[in-house]
Amino acid sequence: RQELESENKKLKNDLKELRKAVANQATENSATHGSPDSYCLLLNQLKLANEELDVRKEEVLILRTQIVSADQRRLAGKSTEPNINARTSWLNSEKHVDQEDAIEAYHGVCQTNSKTEDWGYLNEDGELGLAYQGLKQVARLLEAQLQAQSRKHEEEAEGLKAQDLKERVEKLEKNEWKLKKQLKIYMKKAQDLEAAQALAQSEKRRHEPNRQVTIQRKEKDIQGMLEYHKEDEALLIRNLVTDLKPQMLAGTVPCLPAYILYMCIRHVDYINDDLKVHSLLTSTINGIKQVLKKHNDDFEMTSFWLSNTCRFLHCLKQYSGDEGFMTQNTAKQNEHCLKNFDLTEYRQVLSDLSIQIYQQLIKIAEGTLQPMIASAMLENESIQSLCGMKPTGYRKRSSSMVDGDNSYCLEAIIRQMNSFHTVMCDQGLDPEIILQVFKQLFYMINAVTLNNLLLRKDVCSWSTGLQLRYNISQLEEWLWGRHLHQSGAVQTMEPLIQAAQLLQLKKKTPEDAEAICSLCTALSTQQIVKILSLYTPLNEFEEQVTVAFIRTIQAQLQERNDPQQLLLDFKHMFPVLLPFNPSSLTMDSIHIPACLSLEFLSEV
């Protein structure tokens, strides 16, 4: 082995010397332009060395193939040995060697193979074992590289698989959204088709000669009941509730939908079908809620369903059989009472629904009036003689506000309230509820106007007080003209009336202070002091309210237990009352107009 190592080193040194010689010769040739014979000789020697190296490589491959074949033959003939190391008889095959030693062993084997083919001589110093050991190390290295490459490939495959799955999920979500949208469209078409089929079936049943309704109409008079089939319920609610417009019933009996619904309830009670009555009442209530949600800013639609919901509630009370609600019934009306069902719980649900509709109606009306109030009540000069009586320094601002786009006059408020009143009366809303509506609206006018007065120095003057008293008197006249003076609306305006009087009273002597304290009972001490401190003289001849006078007011009012809040809550809402209001109509006198498309209902 030492000889082989020394010979290997010798060959390496010779190769290095040859390379140096070639390099030196190339340099000398380029410098002296000498003869190229020696240079060619060196190139030939290098070429021969490379060829020898290729031959050695081929021999290594042949040797590796022989070793693998020998291992395969031993594995095939194995009986009891458990592993390769136990079967191997190579000398030094179990020793751990470095990679350089293994490579040197390869070179030694190659050199020996070129000299002799005696395998015993080849293995006598263990060179073949070392070569085999080197081959195992190379195999382990290749296996490690293969495993690393395999893991990398698996990671890339998993990444591509995850990305592919993500794309597929996104695609499926898009398809799901499209399918849901198509499903909604098809469901709507199916509902329309069912409604059309139900209408066709009802028309077909109406033309049948042996109908029970036809026989009853021949034998007895109309009893004020309406019969419908269960499959027609959705069509009934759609035509009578969700798709109904108030303009379609112009000129008919007010609250006609409520009467028709009760006549349907009467027939369900007559046949004693509790599931059907439950379904009809639930569908009706849900349909009304749906309409109100869709038209949450429409005063006419909200008033229409407030009228009908209250009337439906009154009908369920009037014909419930409870003697407390039957005191004003005629004998004919008593015949139309329910016989089998107690709908007390549904009456409570309808009462709560009526209160919700009333609150929505108030919010719509207040939202319409509120932008008009400050301009119409405080800024617009409805008394022409007051045009030149604005406080010094504020005339230009006030007159420009009147001419601006945001200005309103008192007539605009009155016209709007006329519109509200006409709509509610034409739709048959109970007079007691109409009174409460205008009491609430007048309270808001009072609160918004007084809050502006307490926050604006330019309107705290004698002329504003006169203007306010005039505007309030116009509103009072309107209430009397519409027979609404008993609503309590004027009483809600009392703080504003007293504030207008305060602006016009004298504010100098202790007697004036006493008069103010005795008059302004609806205003708190804080509000009185605020108005006096903001008061602006008309001109230089009128004196400003002195601090001493204001302190006198405070001293006289200190015993009052007033709230500390300066401004009024203009969103405050009075509790609504829904008094029982029976109808004088009988159910058999109700006529159903053709515009409602309720031909599938049969009179009983």
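Scoring rules and cut-offs
In this convention, every chain numbers its residues from 1, walking through the sequence in written order. Per-residue local features are limited, in this predicted model, to residues with pLDDT of at least 70; the limit for side-chain atom pairs, both in listing and counting, is 80 or more; totals at the level of whole chains, interfaces and linings are taken over all residues. Based on all heavy atoms of the structure, the side-chain values leave hydrogens and waters out of the count. Two aromatic rings, drawn from Phe, Tyr or Trp (for Trp, its six-membered ring), form a pair once their centres lie within 6.5 Å of each other, and the interplanar angle then sorts them: stacked below 30 degrees, edge-to-face above 60, tilted otherwise. Each helix is a run of H or I in the DSSP string that is no shorter than four residues. Each strand is a run of E no shorter than two, and both are numbered from the N terminus. To sit over a ring, a charge needs its Lys NZ or Arg CZ within 6 Å of the ring centre and within 35 degrees of the ring normal. Any carboxyl oxygen of Asp or Glu within 4 Å of a side-chain nitrogen of Lys or Arg constitutes a salt bridge here. Three labels apply to residues, based on accessible area from a 1.4 Å probe with only protein chains included: buried if under 20% of the type maximum, exposed if over 50%, partly exposed otherwise in between. Throughout, an axis means a line fitted to C-alpha atoms (over the contacting stretch in the case of helices), and angles, computed between N-to-C directions, take values from 0 to 180 degrees. Each crossing gets its hand from how the near helix is turned against the far one by less than a right angle, where anticlockwise is left-handed and clockwise is right-handed. When checking whether two residues touch, look at their non-hydrogen atoms; a contact exists if any pair is within 4.5 Å. Put simply, Ala, Val, Leu, Ile, Met, Phe, Trp, Tyr, Cys and Pro go in the nonpolar bin, Asp, Glu, Lys and Arg in the charged bin, and everything else, Gly too, in the polar bin.

## Observations concerning the packing of aromatic side chains
Next, step 1: Tallying each qualifying case throughout the model produces seven aromatic pairs.
Next, step 2: Summarising the aromatic geometry, the rings of Tyr-443 and Phe-574 are spaced 5.3 Å apart at their centres and angled 70 degrees between planes, so their arrangement reads as edge-to-face. Separated by 131 residues along the polypeptide, Tyr-443 in helix α16 (residues 431–455) and Phe-574 in the loop between α22 (547–556) and β2 (602–603) bring together distant segments of the chain.
Next, step 3: An aromatic cluster of three or more residues is present, and its members are Phe-438, Phe-442 and Trp-478.
Next, step 4: Residue placement shows Lys-439 over the ring face of Phe-574; its charged tip is 4.7 Å from the ring centre.
Next, step 5: Residue placement shows Lys-507 over the ring face of Tyr-535; its charged tip is 4.3 Å from the ring centre.

## Looking at the pattern of salt bridges
Next, step 1: Throughout the structure, instances matching the rule amount to nine salt bridges.
Next, step 2: One salt bridge connects Lys-230 with Glu-233, and the closest N-O pair in it is separated by 3.7 Å.
Next, step 3: You can call Glu-233 buried: its relative accessible area is 6%.
Next, step 4: One salt bridge connects Glu-335 with Lys-332, and the closest N-O pair in it is separated by 3.9 Å.
Next, step 5: Given the relative accessible area of 36%, Lys-332 is considered partly exposed.

## As for unusual backbone geometry
Next, step 1: The backbone phi angle of Cys-255 is positive, close to 65 degrees, even though this residue is not glycine.
Next, step 2: Structurally, the position occupied by Cys-255 is in the loop between α8 (233–242) and α9 (256–271).

## Digging into the packing of helix α11 (residues 299–318) against helix α15 (residues 410–426)
Next, step 1: Look at α11 against α15: their axes get within 9 Å of each other, and the N-to-C directions meet at 35 degrees. Classified by chirality, the crossing of α15 by α11 is right-handed. Along the contact surface, α11 presents Phe-299, Glu-300 and Ser-303, while α15 presents Phe-420, Val-423 and Met-424.
Next, step 2: Residue composition of the contact of α11 with α15, grouped by class: four nonpolar, one polar and one charged.

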